Amino acid sequence: MDMIVVAPLGKIAELAVRHRCREMLSLVAPKQGFHRPAVIAAERHMILGVNDIAFAGTGNLVAPGEEHVTAIVGFARGWDRQAPLLVHCMMGVSRSPAAALLAALAVEPDQDEHELAQRLRRASVQATPNARLIEIGDHVLSRGGRLIAAVKAIGRGANYVGDSPFTFSVVPEAVVR
């Protein structure tokens, strides 16, 4: 089950049940309160307290850092891939799509970054992956600038018009496992 479910906070319970997810990665503002869906194993739920900003030094906000990206990569590599991985943030537009791209590359590093970014765009017209997470992830995953270029190539997503969760395959559709 090489699928990642990307969701806004308000849809995590519904999507976790619908897709039979057992693992979840949450990228929410520090101290953001919410309930983990009962179908998600507590030991396979990672919460990263990080704001959706693209640069550091903005008062009390927590900018994505290398420690967050390293945690995303480590968590993804621990995913058993027997059920979809649920990744969410507040709106499901910036932090979670970026984390989903990083997770996909962490578990399938031999794929093309441009094809992966195009797969994300086909899955969501609204997705605008957080630039700072992508930049740091490019470095942590040793992508040599290719991930940054691929995300820039798909451009900013469409204007937000409401909750639009989506799924996308970790591997290219042409790959049969």
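Residues numbered from 1 in each chain as written. Predicted model: local features only at pLDDT ≥ 70, side-chain atom pairs only at ≥ 80, totals over all residues. Heavy atoms only, no water.

Before going further, it helps to spend a moment on helix α6 (residues 146-154). Inspection of α6 places L147, A150, V151 and I154 among the buried residues, and these make up the whole buried set. Buried positions in α6, seen along its axis, are confined to an arc of 95° and lie on one side of it. Projecting away from the buried face of α6 at angles above 90 degrees are the exposed residues K152 and A153. The inward-facing, buried residues of α6 contact α3 (95-107), α4 (113-123) and α5 (131-140). Where α6 ends, the next residue or the one after it, G155, has phi of about 70°, a positive value. (Buried < 20%, exposed > 50% of the residue type's maximum accessible area, 1.4 Å probe, protein only. Helix = DSSP H or I, 4+ residues; strand = E, 2+ residues; numbered from the N terminus. Arc of directions from axis to C-beta. Contact = heavy atoms within 4.5 Å.)

The next point concerns the nonpolar core. Soluble globular proteins tend to pack their nonpolar side chains together in the buried interior. Membership of the largest hydrophobic core comes to 42 residues, with the highest contact counts inside it found for I4, L25, L27, I72 and F168. Among the elements that make up this core, the one with the highest residue count is α3 (10 residues). In this structure, L27 is in contact with L48, V50, I72, V87, H88, C89, M90, R95, A99 and L133, ignoring residues within four places of it in sequence. Core analysis: the second largest hydrophobic core is formed by 10 residues, L9, A16, M24 and I40 among them. (Core = buried A, V, L, I, M, F, W, Y, C linked by side-chain atoms within 4.5 Å.)

A few words on the sheet that holds strand β4 (residues 85-89). Strand-to-strand pairing in sheets goes through backbone hydrogen bonds, with the strands running parallel or antiparallel. Pairing within the open sheet is mixed, and its 5 strands lie in the order β3-β2-β4-β1-β5. Each edge of the open sheet is held by one strand with a lone partner, namely β3 (45-49) and β5 (166-169). Each neighbouring strand pair of the sheet contributes to a mean axis angle of 15°, computed without reference to strand direction. Both strand β2 (residues 23-28) and β3 contribute to a ladder of 5 bridges, which runs parallel. In the strand pairing of β3, L27 is matched with L48. (Pairing = 2+ DSSP bridges. Axes fitted to C-alpha atoms, helices over the stretch in contact; angles between N-to-C directions.)

Turning our eyes to something else, we now look at unusual backbone geometry. A positive phi angle, near 60°, is found at R20, a position not held by glycine. Take R20: it is sitting in the loop between α1 (12-19) and β2. The phi angle at K31 is positive, at roughly 70°, despite the residue not being glycine. With respect to the element layout, K31 can be found in the loop between β2 and β3. Accessibility expressed as a relative area gives 86% for K31, which makes it exposed.

Let us now look at the pairing of strand β1 (residues 3-8). Summarising burial for β1: 5 of the 6 residues are buried, a large majority. Both β1 and β5 contribute to a ladder of 4 bridges, which runs antiparallel. Following the sheet pairing, I4 is matched in β5 by F168. The sheet contact formed by β1 and β4 spans 5 bridges and is parallel. Bridging from a neighbouring strand, P8 pairs with C89 of β4.

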